[in-house]
Amino acid sequence: MSSNIENFTEITEKSTAEPIYDTNWCHMPAEIKLKCIGKMEINERLSLRCTANAERSLVDSQKIEFYRGCFEGDDEEFRVFLNRNHRNYSKRSDDKNQFFEWINYIKKVGVFEKLVISFEDSLVDYEQFITNDGLFTAKNVKFSYCDFDNMIAVLRKLKDGVESIEINLTFTAFDELAEIYEIPQMWINRNSKIGTTFQVSINEIDGSFDEFLEQFTDRIVSTGEKRARIRTNNLDRHILLERGVDDVITIDFLIKFFRLMVISAEMKESEYEDDCKEWICKMNPEIYDYYDSESSFEESGDDSEDSDSQEE
Amino acid sequence: MSSTEQGTSSAAPAEPTTAPESAAAPEVPESFYYVHGKDKVVHKVSAGALQHSALIHGMISNLGYTEEQAKANPFPFENIDGDILQMVVDWCNQHKGKPTPPEDTNLPKQKEKLFDLVLAVNYLEIKELLTYCCKQVAMMVKGKSPEEIREIWMIPTDAEDEAAEKEAKKRAGKEAAGETAAAAGDAK
């Protein structure tokens, strides 16, 4: 008991030796400031970081989670749309420098569930965009009508931990499609983890499955109507290329869906999963609702004229 | 539930008065402890209410004080203003044994008081109350421009910061020079 009392006295003596607190934000310890900043929304953080360099460093050290972040740009203006805690924030600017300074802050602090990039015009000549070495932290990334070089620049700026990348290329990027072959080539060379997956949907490219196989003729292990399997430099691993084809998404379908996956070389053909509907829906959640003729009839109701013409 | 009484600056605190804890008497008698702030006003607080404070809870968990010993050894928090400690004690009592709500609208709106409360709560390690307080601090600048925030929170500009730093260095240099001269004089 006496030792407890001694300890207690020691603790309380320590507490009385603490300085008397001031009541000003500037005298608050950094850890409390960070807790307060953690409770602020994006606009307040942006304002606070403009007050002084010390505050800017603190604000920039605090991550901020976004459900969705959309970065867009064309020849007229640049736009950012952010969604966090069911609130939307947007910023537009026709000043490239100002916009990218802002993007660099968001890139540094933002943790995105979904990140959408859509810069239609090439930014390769724009040093602040290309050379800035800050990385995006995102789980699901989508490139929508994005210039190919811009897309590659952003892909290089993605932190590890990305779960999916969706790429909707424009027709102008068609010539660059060969770049997609670099993905299996990278897996062949780098001994990638089993389960690593890349999915892509491409519009109106006839024979793209065969074109793809032509790139890897010397590595083909087996090939069929829906699947092809190629060797990697690691004897234990193969790459499975699957074409997303079933009763609804037929071989003549306008959009082609492909999935590339690193698999074990031991995997038997009987172990292949017929789950193309599942992975196609991940890329395009509405496609089956739209093209499945049965559900189309159900949804169209009494308007049979329209339904008939659609069927034709 | 707490009771307060104006104490003196002597080591033995004044006898606090006790208010009824609750309508239903607990089966096992509850233990009470005593705290006082800068103003020496002693607050009687139940061990259950003090559980919110990780600091105090850590202090008392192995003490095994009798009522008399607890009275004779109030926890002195000289770094916390009396009214702030009163707020903390009230909050702990209000939320004793209850799940904390997602919002707390009873926190002070006055800037200085709120900052003092934040610092006290941080010191006493009352996690939930600290979360409310930080949220309230963040609300103070909701929708404000950088200039407005600088004014509200008295944040010096970078130029003012630099000037203050230079001044401090100059002062430190002068003091060091004075000490050297004094030491040289002593040596002679």
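Let us look at the structure shown here. (Residues numbered from 1 in each chain as written. Chains lettered and ligands numbered in written order. Predicted model: local features only at pLDDT ≥ 70, side-chain atom pairs only at ≥ 80, totals over all residues. Heavy atoms only, no water.)

### Concerning the overall build of chain A
Point 1. In terms of helices and strands, chain A carries 13 helices and 11 strands.
Point 2. A fraction of 58% describes how many contacts in chain A between residues 6 or more apart in sequence connect residues 24 or more apart.
Point 3. Of the roughly 17700 Å² of accessible surface on chain A, 44% is carried by carbon and sulfur atoms. (Helix = DSSP H or I, 4+ residues; strand = E, 2+ residues; numbered from the N terminus. Contact = heavy atoms within 4.5 Å. Areas by Shrake-Rupley, 256 points an atom, 1.4 Å probe, with all protein chains shown as cover.)

### Re the interface of chain B and chain A
Point 1. Chain B puts 40 residues into the contact, and the matching count from chain A is 33 residues.
Point 2. Across the chain B/chain A interface, buried area totals approximately 3400 Å², and carbon plus sulfur atoms make up 69% of it.
Point 3. For chain B, the biggest contributors to the area lost against chain A are N79, L119 and W153 of chain B; these three give 16% of the whole.
Point 4. The tally of links from chain B across to chain A stands at 0 salt bridges.
Point 5. For the side of chain B that touches chain A, the secondary-structure elements that each account for two or more residues are β4 (75-76), α5 (111-124), α6 (127-140) and α7 (146-152) of chain B.
Point 6. No other element matches the 7 residues that α5 of chain B contributes to the side of chain B that touches chain A.
Point 7. Residue composition of the side of chain B that touches chain A, by class: 22 nonpolar, 9 polar and 9 charged. (Buried area = accessible area lost by both parts, 1.4 Å probe. Salt bridge = Lys/Arg side-chain N within 4 Å of Asp/Glu carboxyl O. Nonpolar A, V, L, I, M, F, W, Y, C, P; charged D, E, K, R; others polar.)

### Looking at the pairing of strand β4 (residues 110-119) of chain A
Residue and element names in this part refer to chain A.
Point 1. In terms of burial, β4 is a largely internal element, 7 of the 10 residues being buried.
Point 2. Across 9 bridges, strand β1 (residues 64-73) lies against β4 in parallel orientation. Directly across from C70, in β4, lies its bridge partner V116.
Point 3. Relative to strand β5 (residues 137-144), β4 runs parallel, the two being bridged by 6 bridges. Its bridge partner being in β5, V111 is matched across the sheet by T137. (Buried < 20%, exposed > 50% of the residue type's maximum accessible area, 1.4 Å probe, protein only. Pairing = 2+ DSSP bridges.)

### Comments concerning the sheet that holds strand β6 (residues 164-168) of chain A
Residue and element names in this part refer to chain A.
Point 1. Strand order in this open sheet of 6 strands is β3-β2-β1-β4-β5-β6, and the pairing throughout is mixed. Here the strands that pair on one side only, and so sit at the sheet edges, are β3 (87-93) and β6. If you compare each strand with its neighbour and ignore which way they point, the axes differ by 15° on average.
Point 2. Judged from the 5 bridges that link them, β5 and β6 form a sheet pairing that is parallel. Of the residues in β6, the one forming a bridge with S144 is N168. (Axes fitted to C-alpha atoms, helices over the stretch in contact; angles between N-to-C directions.)

### Let's talk about the packing of α5 of chain B against α6 of chain B
Residues and elements named next belong to chain B.
Point 1. Taken N-terminus to C-terminus, the directions of α5 and α6 make an angle of 150°; their axes are 9 Å apart at the nearest point. Of the possible angle classes, the one that applies to α5 and α6 is roughly antiparallel. Pair α5 / α6 crosses with left-handed handedness. For the pair α5 and α6, the contacting residues are K111, L114, F115, L117, V118, V121 and N122 in the first and L129, L130, C133, Q136, V137 and M140 in the second. (Parallel < 35°, antiparallel > 145°, perpendicular 65-115°, else oblique. Left-handed = near helix turned anticlockwise from the far one by under 90°.)

### Some thoughts on a negative patch on the surface
Point 1. A contiguous patch of negative charge, built from D75, E76, E120 and D121 of chain A, is present on the exposed surface.
Point 2. With respect to the element layout, D121 of chain A can be found in the loop between β4 and α6 (127-130). (Patch = residues over 30% accessible without salt bridge, like charges linked within 9 Å, V, L, I, M, F, W, Y side chains within 5 Å. Lys, Arg positive; Asp, Glu negative; His and termini not counted. Charge placed at Lys NZ, Arg CZ, Asp CG, Glu CD.)

### Here's the deal with the packing of aromatic side chains
Residue and element names in this part refer to chain B.
Point 1. For the coordinates displayed, the defined rule picks out 16 aromatic pairs over all chains.
Point 2. Relative to F77, the ring of F75 has its centre 6.4 Å away and its plane inclined at 10°; by these criteria the two rings are stacked. For the pair F75 and F77, one class covers both residues: buried.
Point 3. For the pair F77 and Y123, a centre-to-centre distance of 6.3 Å together with 80° between the ring planes defines the contact as edge-to-face. With a gap of 46 residues between them, F77 in the loop between β4 and α4 (82-94) and Y123 in helix α5 connect regions that are remote in the sequence. (Phe/Tyr/Trp six-rings, centres within 6.5 Å; stacked < 30°, edge-to-face > 60°.)

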